Amino acid sequence: MKVAIVAESFLPDMNGVTHSLLKIMQHLDERGDTVLVIAPSTLENAPGMVEGATVRRLPAVPLAGYRNIRVAVGGVARVKTLLAEFGPDVVHLASPFVLGWRAVRAAAALDIPSVAVYQTDVPGYAAKYGLPFLENWAWLRVERIHMAATKTLAPSTDSLNQLRGHGIPRVELWRRGVDTERFHPSKRSVAFRRKVAPAGHKIIGYVGRLALEKQVEDLAVLASVPNSTLVIVGDGPQREMLESVLPHAYFTGFLGGEDLATAMASFDLFVHPGELETFCQTIQEAMASGVPVIATGKGGPVDLVDSSRTGWLYAPGNLGQLLGYVSDLIGDDAKRAAFGAAAYEQVQGRQWSVVCEQLMGIYNQAIADHPRLTAALKGIK
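A brief look at the structure comes next. Computed from a predicted model, the values in this text were never measured in an experiment. (Residues numbered from 1 in each chain as written. Predicted model: local features only at pLDDT ≥ 70, side-chain atom pairs only at ≥ 80, totals over all residues. Heavy atoms only, no water.)

## Section: helix H10 (residues 281-288)
With 8 of 8 residues buried, H10 is to be regarded as a mostly interior element. Every buried residue of H10 is listed here: Gln281, Thr282, Ile283, Gln284, Glu285, Ala286, Met287 and Ala288. Once H10 finishes, Gly290 follows within two positions and takes phi at roughly 80 degrees, a positive value. (Buried < 20%, exposed > 50% of the residue type's maximum accessible area, 1.4 Å probe, protein only. Helix = DSSP H or I, 4+ residues; strand = E, 2+ residues; numbered from the N terminus.)

## Here's the deal with the pairing of strand S8 (residues 114-117)
Of the two faces of S8, the one holding Ser114 and Ala116 and the one holding Val115 and Val117 are both buried throughout. One ladder, built from 4 bridges, connects strand S7 (residues 90-94) with S8; its direction is parallel. Directly across from Ala94, in S8, lies its bridge partner Val117. As for the winding sense of the linkage, the β-α-β connection from S7 through helix H3 (residues 99-109) to S8 is right-handed. Direction of pairing for S8 relative to strand S9 (residues 151-154): parallel, over a ladder of 3 bridges. Note on S9: the bridge partner recorded for Ala116 is Thr152. (Pairing = 2+ DSSP bridges. Right-handed = clockwise from strand over helix to strand, strands pointing away.)

## Some points on the sheet that holds strand S13 (residues 250-253)
Here 6 strands make up an open sheet; going across it, the order is S13-S12-S11-S14-S15-S16 and the pairing parallel. The strands lining the two open edges of the sheet, one partner per strand, are S13 and strand S16 (311-314). With strand direction ignored, the average angle separating the axes of adjacent strands in the sheet is 20 degrees. One ladder, built from 4 bridges, connects strand S15 (residues 293-296) with S16; its direction is parallel. Paired with Val293 across the strands is Gly311, a residue of S16. With respect to the sheet, helix H9 (residues 257-266) is in contact with strand S11 (202-207), strand S12 (228-233) and strand S14 (269-272), its orientation differing from that of S11 by roughly 135 degrees. (Axes fitted to C-alpha atoms, helices over the stretch in contact; angles between N-to-C directions. Contact = heavy atoms within 4.5 Å.)

## Observations concerning the side chain of Ser156
Here Ser156 shows up in the loop between S9 and helix H6 (157-165). A relative accessible area of 1% means that Ser156 is categorised as buried. Among residues more than four places away in sequence, those in contact with Ser156 are Leu173, Thr278, Gly299, Gly300 and Asp303.

## A short note on a nonpolar patch on the surface
On the surface, a cluster of nonpolar side chains totalling about 490 Å² of accessible area is made up of Tyr129, Leu131, Phe133, Leu134 and Trp137. As for its placement among the helices and strands, Trp137 is situated in helix H5 (residues 132-148). (Patch = residues over 30% accessible without salt bridge, like charges linked within 9 Å, V, L, I, M, F, W, Y side chains within 5 Å. Areas by Shrake-Rupley, 256 points an atom, 1.4 Å probe, with all protein chains shown as cover. Salt bridge = Lys/Arg side-chain N within 4 Å of Asp/Glu carboxyl O.)

## Re the packing of aromatic side chains
A full pass over the atoms with the stated rule returns 3 aromatic pairs. Ring geometry for Trp312 and Phe339: centres 5.9 Å apart, planes at 50 degrees, overall tilted. Taken as a pair, Trp312 in strand S16 and Phe339 in helix H13 (residues 333-347) lie far apart in primary sequence, 27 residues in all. Accessibility expressed as a relative area gives 6% for Phe339, which makes it buried. (Phe/Tyr/Trp six-rings, centres within 6.5 Å; stacked < 30°, edge-to-face > 60°.)

## Observations regarding the sheet that holds strand S1 (residues 2-7)
Ordered in space as S3-S4-S2-S1-S7-S8-S9-S10, the 8 strands form an open sheet in which the pairing is mixed. Strands with a single pairing partner mark the edges of an open sheet, and in this sheet they are strand S3 (49-50) and strand S10 (171-173). Both S1 and S7 contribute to a ladder of 5 bridges, which runs parallel. For Val6, the partnering residue across the bridge sits in S7 and is Leu93.

## Observations concerning the side chain of Gln281
Mapping Gln281 onto the fold places it in helix H10. In this view, Gln281 contacts His19, Arg176, Gly177, Val178 and Trp352; residues no more than four positions away in its chain are not counted.

## Concerning the packing of helix H2 (residues 76-86) against H3
Relative orientation of the contacting elements H2 and H3 amounts to 55 degrees, with a least axis distance of 8 Å. Taken together, the axes of H2 and H3 are oblique relative to one another. Where H2 crosses over H3, the two elements pack in a sense that is right-handed. Facing Val76, Val79, Lys80 and Leu83 of H2, the residues of H3 in contact are Leu99, Arg102, Ala103, Arg105, Ala106, Ala107 and Ala109. Residue composition of the contact of H2 with H3, by class: 8 nonpolar, no polar and 3 charged. (Parallel < 35°, antiparallel > 145°, perpendicular 65-115°, else oblique. Left-handed = near helix turned anticlockwise from the far one by under 90°. Nonpolar A, V, L, I, M, F, W, Y, C, P; charged D, E, K, R; others polar.)

This is the structure in structure tokens:
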């Protein structure tokens, strides 16, 4: 089939949306499908072909506070022209909000089915960043996009219920895959552990963007855990502030590829304090690495962490409970090992090939449903 992917962000910006898209594009390329990616322009020279797909860039401006994150500007006409020239069977809207709003309208005008993948809680971000007056407006935008799409895919039960609660129809669950070859307990490294914890302490690890919505500063409560070292993997606008708030933590900066897999497998425990995760891919990667997880009991982590078996979920905002759960596992080698083994087993079978084949079925269903849906929306019985 011919698939047009419209992405709010793409290479060289590497985040959860880009990571998922690359896995989908690899799968489409292996199948022999034809793919067009429409994405914002970048400050750096970016390839015109990625995983066999042609990449077309639209003018964009940087997002305030995130120099490398670009927001596409312009109207519907340019997107409509690109889609008309390509003639896709289906349009994949990756975490649509700005560019995705134009794309879903362009697809509707061209009578092309669209699959909108909800991946970023933009309304929640607005509230977290102290802009509550934008939260309702952001939800209105989300509702309009997903109501116009042929299908909407939610990554977790929480997101599914949230979208349905806003009256969005045709929503179904589609989770993310995990690379169980790249993320594996065998990647555990004595050299990495000596580098970040030379005193031989247990390692409590976090991986993710260093930004306000991730609530990494909450990990300051773990400074009292004896014989432990907090390791922070990632970069972002809050790094300097976090280095002052977490003076005893080891900051690695951004890690990718095998370096990230090595770091993840070398942790004794993985923590994630963010409350706005629609899924949380790093939790799956930690579990695939045989590392137990402690995360906030809200959003995507609720589906991923089997509390008291693969890790612990603590009540949002209850940092005393976070500290207690971390102390519990750091201080009990046998229990931690059992949790890690259970976490590893739980993610087996979630490979990207399986998840992407599910997506191909969803594409085909959207193509099949589109004529009937179009007729219904036009009031044709």
